[in-house]
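Residue-level structure breakdown
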Amino acid sequence: MGQQNSLTTDTDIRGESQICMTDIVVERTDEIGGHKPSLNLTELWVFGIPELPEGKCFPLTNASSTRWEVSDFISISSDVKGIDCIVKSKEGGDEGYLHLNVARMITSNIKQDNRLSENMGVCDSGMELTLSSEVLVMSSEEPGGDESIASQFSILGDALQTRFENTGSLSDIDEAITANRNALALIPDGSASQPSALFSLGTTLSMRFDLTGDVRDNAEAITLARRAAELDPNHYSALNLLGISLSSRFVRVGELSDIHEAILVLQNVVDHTPQEDSRLYSFLNTLAASLSERFQRTGELSDISESIRVQQRAVSLIPSNHPHLHNLLKNLGGFLALRYQRTGELSDISESIVSQRKAVELTPQDHPALSAHLKHLGATFGIRFSRTGDLGDITEAITMQQRAIELTPHYHPDLPSRLDDLGNTFYFRFSQTGDISEAAEAISLKQRAIQLTPKDDAKLPMRLSNLGNVFQGRFTFTRDPSDMAEAMSLKQRVVDLTPPNHRELPARLSTLGNSFVIHHKSSGKLSDADKAVSLHQRAADLTPQDHAELPDLLQNLACSLIYRFQQTGNISDLNTTVPVLRRAIELAPPRHPHRHSFFLTLANAFIMRFEKTGDISDVSESISAARETLEIVPPGHVDVPSSLRTLGRGLRCRFDLTFDKEDLDASISQYKAAAISTSGSLEIRLQAAQAWASLLTHQYPQSPEILLSFDTALGLLALFAGLDRTVRGRYSQLQNTSDIALKAAAAACSLGREDKALEWLEQGRCLVWSQLNNLRTPLDDLQACDATLARRISEVSSRLEVAGTSRDSSNIEMPLSQKISIEAEARAHMELAREWDDLLQTTRAIPGFESFLKPLSCSTLMANLPEEGPIVVINIDKSRCDAIALLAGLGEPLPIPLPNFSVEKANVYRADLKSQLQSRLLRARGPLDGAGSGGESLPRGMRSAEIGPHEDHPVHGVLQGLWEDVVKPILNALGISKVTEASGETRPRIWWCPTGPSSFLPLHAAGIYRGTDPESVLDYVVSSYTPTVTAITDRVKNRRSIDTQVSGLFLTNQPCAPDAPPINGTTKEVQSIFKRAEESGVRVLKLEGGNMSIDQCLENMQGYSSIHLACHAAQNAAEPLQSRFLFHNGSLELATILKTNLKNADLAFLSACQTSTGDEKISDEAVHLAAGMLAAGYRRVVATMWSIGDTPAQEVATDFYDFIIARRKGGSGTAFDGALSAHALHHATQRLRGRLGDFEHSLLAWIPFVHFGY
């Protein structure tokens, strides 16, 4: 089947005689019984046709134990001398052979009623086989008035039509149309056979219209059917065709007069067809289909109910073994599903599934309709899932639809539709579970469907819109701008492809409006909100008042008005929203599947209006609508958490007015139920958990349930930014959630649970770096227990790290094939993330590994603290500020309240400091334009600002405030005293772990620098920073010695990187350090400027334990792993460094600007190069908080290395050890301070140098 070269074309018929063998049958004619074996024939092979040198296989269908039939036909040119036919059994053996002489077929056998019958040669002498067929000889004469030839063309047309029904091949239906046209042309007007010829041609044109959507075929089919009915008013098949064609035109054009006429015609056919007429069931089936089409346009319930009644009658007319029963049952199931979608009556959808399941059971496994039945049954399971939320239904739907696709040949015209439907089902499951991999699978399937859909196909707009919906849905989870751009582009294209009078235009305008609503939520642009309202209003205006979809369109309009209100605060939008939603509820039947959503939106509108006007009646209306929502929303539905959260919000608002404790407790209960829901949006559940925790913290500050609420919130936060997303996607998700851990820690401190505060801060901060650290965790213990598992974890972690940092994003300009490739990468990434989760579960099931890669407990953290000094975590929240000090040997954290510090102060200090940096151009890059004042060198890549003689002292003020409010109270609580230079004592180390806005403040420089008795933190301790406590305790726990073959120092200076201002001082800096190291015997390498490639740099980073990069750096807050160092020969990105095996990494000195400057939007994610280098494996990093001057940079670097080299232990050989790097930086910055003094501008020269790590 499907071999098109053997088919007869119009040209072939007219140019030479053709022989067409149809109705081919193989029969066993010997007596069966005794010990004769049964026979199972499966294939007829034909050889000898020139166009098919390899032969052609025709499947045999088993009609009985002795009869096998071929559904196709064999076409042979008259110049072929003969063909050989071989029948094969299921086991593959040859069972019978026959040679047919073509000339003899023409001259002899066709004389007996055109039926050929020949005995076959057999391999088993006790068996007899006969091959028989109809033989049609197509004359080479030009078409004329010979009706016998017309009859032959008609028979050929029927055969081609039958083959089309099996193959779906366009060429088959094209040739059937040609044969039928030739037949009609040969029949004179007035002939009794003319109506049938008109009907046959109209039928094949109608079939081609269904395949291609070419309206010319539909129009001609209508004309032909009308003509046939005029010639023979009792030709009910022609009238049936007229009804089908009018109904098809209605579906395409939307003209109600067409469907009205179609139903009148079809009802007339049914009314005049006798009960015993074998065609009646078919006419009833057609009438039922047309009634359902009108119902889908008008929403008139009587139409779909009548459709079901008519279809049930059709089913009752035929016996249980009728070959078409499965089709009737499939259609009946479809009509029941349509009524369910209108009424919400669950019995309808259950009956639909029963009917369609029976249709599948009755369909033979090799029947071409089986795949379509499976597709429809799967879609119906999906519909029921959308109501019940039962994951068993959606799993069943996917199984059915996957099987349907497996049964569909790659060339079949319905394959795109089946791929699209399966994509819809995966999207439904994604909407319920929030599993991003389901969305990726849906996108992949839909992209493939579109790739296979011709550009002029009528179904293309629908498929484009479906794909846009999935991109839009994924955007709501990932916040990836490329997803939203793709969604809007696709939906705009759909609207552009839709004619002004198209029946689907309102729905397509509305779905585009939804995209503008969602885009507005992230863009904040009023123009997006205005566009959304305009599109939704137009959609509603174009929709007839009795249309079934009008309630949904009104709901969409209401949502767009609400979002615009949130942007503008214009109460008129909410005042319009309420009656729009009331109208939607009024129009929707009691069991409408979206009715709960209408009430939910109404509840939200009322509560927003209350918050604007203070009208308590709106609160009561909101609570009432929310309760109605929860009454009708199915358990487990994706909207349950939203409904609970909205009710909780309304109850809380009423409590704020009445102080009724019942409302407060009920509000807390609703928020809790929403947070712990197992279905619905992660974002909604996280917001509910935050509201739950907030209410408890403020109203019941000593409630033990506070701990549960924050535990729930932080658990959801981890899922919210999982490994299945790119690093950029994770950071984007965290922008609005970064303060959860800080609030949780503040609440824990209020309860005296500093241990829990510490655990929560570790769990909820620096999530991305922690994930990366987990992927790089040593597996030595697991290796000893299960080497295979450890190896697989290592492989998956390496691939996950690459996937998270290197995945491309699509853009709307890319060709579809490239987008498909990118989505394939995304699916592979998500499969890796899923496998990673499975591997973790497997590992945690092993005794001794129960806590493998789980957030560390406080006791575990306390067990691996450095001996050299405390780690101090500073938590700041609006409710309170605290320090939590961790000291080796102390069994529990030391709480240090900071009552004089606050979020407000931290923000003021940050703003003051930022203002000074900007005024001195230490936060903006640009070309050098001259020397600084007093001969001071210019910042690396920065312009200098003149300093006036009467300046204020904001920097001093910031440092003094930090000293008095934060640092001095901490040092006092720790009992740390000032250490003078004269004492010769070594200052203890301290590791600062700031949170929130304090992450941007120079705690290491806090102090009083003016007056007669200055003091600062520098007099007490040697400061380092760490993004998390774990970053230090991991180093303590996993102490390792540096390979002596690698221990050494690699230096590079890059003074003239392209598109960056020159920083000539880097040359002197590196040369000076190199000379000092070389003289001391340290293993050292220097590569300058253009003499170093990126690959050479990476190679030397692996070959030397310590590196010094004197160059420009570029911080990328949007894509942190694309932050980079700028070299003469290109850029070295952090992502590239992270992929490099730096197992011997020790010290990285980043002599570049702003390498520890984070992103204010996600202050607790440590989005800077310093943290990135720690994540890459370096134990300690020297970085800068803002831009540095060339001369200060040289001096600090030189003094830094002098300090380390001067204290090298005897016997060190050529090794270089960065263990004293924190002390070295303290020494170097003190020397610079001593040279510059404590003037305002001098402070800004040495403060930016900071030490990170161990």
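Rules and cut-offs
- Residues numbered from 1 in each chain as written.
- Predicted model: local features only at pLDDT ≥ 70, side-chain atom pairs only at ≥ 80, totals over all residues.
- Heavy atoms only, no water.
- Helix = DSSP H or I, 4+ residues; strand = E, 2+ residues; numbered from the N terminus.
- Buried < 20%, exposed > 50% of the residue type's maximum accessible area, 1.4 Å probe, protein only.
- Contact = heavy atoms within 4.5 Å.
- Areas by Shrake-Rupley, 256 points an atom, 1.4 Å probe, with all protein chains shown as cover.
- Pairing = 2+ DSSP bridges.
- Axes fitted to C-alpha atoms, helices over the stretch in contact; angles between N-to-C directions.
- Salt bridge = Lys/Arg side-chain N within 4 Å of Asp/Glu carboxyl O.
- Phe/Tyr/Trp six-rings, centres within 6.5 Å; stacked < 30°, edge-to-face > 60°.
- Lys NZ or Arg CZ within 6 Å of the ring centre and 35° of its normal.
- Right-handed = clockwise from strand over helix to strand, strands pointing away.
- Expected span 1.5 Å × (residues − 1).
- Arc of directions from axis to C-beta.

- The name given to the protein chain in an unreviewed UniProt entry is CHAT domain-containing protein, with the source organism recorded as Ephemerocybe angulata.

1. Structural notes on the overall build of the protein chain
- Of regular secondary structure, the protein chain possesses 46 helices and 26 strands.
- By its C-alpha atoms, the protein chain is 125 × 75 × 65 Å across when sized along the principal axes.
- Looking at the protein chain as a whole, 56% of its 1254 residues qualify as buried.
- Here the analysis covers contacts within the protein chain between residues at least 6 apart in sequence; of these, 69% occur between residues at least 24 apart.
- Here the protein chain displays about 50200 Å² of accessible surface, and carbon together with sulfur accounts for 49% of that area.

2. Let's talk about the sheet that holds strand β21 (residues 1112–1114)
- Across the sheet, which stays open at both edges, the three strands sit in the order β21-β22-β23 with antiparallel pairing between neighbours. If you trace the sheet from one side to the other, it starts and ends with β21 and β23 (1130–1133), each paired once. In this sheet, adjacent strand axes meet at a mean angle of 30 degrees when their direction is disregarded.
- Of the strand pairs in this sheet, β21 and strand β22 (residues 1124–1127) are connected by three bridges, and their pairing is antiparallel. What sits directly across from His 1112, in β22, is Leu 1126.
- Contacting β22 and β23, helix α41 (residues 1094–1103) runs over the sheet at an angle of about 35 degrees to β23.

3. What about the pattern of salt bridges?
- In the structure shown here, the tally under the stated rule is 55 salt bridges.
- Ionic pairing is found between Glu 795 and Arg 792, a salt bridge with its closest N-O pair at 2.9 Å. One end of the pair, Glu 795, and the other, Arg 792, are both in helix α34 (residues 787–806), three residues apart, so they sit about a helical turn from each other.
- Residue Glu 795 is classed as partly exposed on the basis of its relative accessible area, which comes to 36%.
- Arg 792 sits in the partly exposed class, given a relative accessible area of 26%.
- The partner of Arg 834 in a salt bridge is Glu 831, with the nearest N and O atoms 3.8 Å apart. Taken as a pair, Arg 834 and Glu 831 lie in helix α35 (residues 816–844) at a separation of three residues, close to a single helical turn.

4. Concerning the packing of aromatic side chains
- Going through the model one piece at a time under the given rule, you end up with 16 aromatic pairs.
- Relative to Phe 1216, the ring of Tyr 1201 lies with its centre 6.1 Å away and its plane at 40 degrees, an arrangement referred to as tilted. One end of the pair, Tyr 1201, is in helix α44 (residues 1190–1206); the other, Phe 1216, is in the loop between α44 and α45 (1221–1236), with 15 residues separating them in the sequence. No difference in accessibility class separates Tyr 1201 from Phe 1216, as the two residues are buried.
- Counting every residue linked through ring pairs, the aromatic cluster contains Phe 1149, Phe 1200, Tyr 1201 and Phe 1216.
- Its guanidinium or amino end placed over the ring of Phe 1074, Lys 1086 lies 5.0 Å from that ring's centre, counting from NZ or CZ.
- Above the face of the Phe 1203 ring, Arg 1207 is positioned so that its terminal group lies 3.6 Å from the ring centre.

5. Observations regarding the pairing of strand β19 (residues 1084–1088)
- Pairing of strand β18 (residues 1049–1053) with β19 involves five bridges; the strand directions are parallel. When the bridges of β19 are listed, Phe 1050 appears paired with Leu 1085.
- The handedness of the β18 to β19 crossover, carried by helix α40 (residues 1065–1079), is right-handed.

6. Some words on helix α20 (residues 526–542)
- In a regular helix each residue adds 1.5 Å, so 17 residues correspond to 24 Å; α20 covers 24 Å between its end C-alpha atoms and thus fits that length.
- Listing the buried residues of α20 in full gives Asp 528, Ala 529, Ala 532, Val 533, Leu 535, His 536, Ala 539 and Ala 540. Down the axis of α20, the smallest arc covering the buried residues is 165 degrees, so these residues share one side.
- As for α20, its buried residues are in contact with α19 (505–523) and α21 (550–568).

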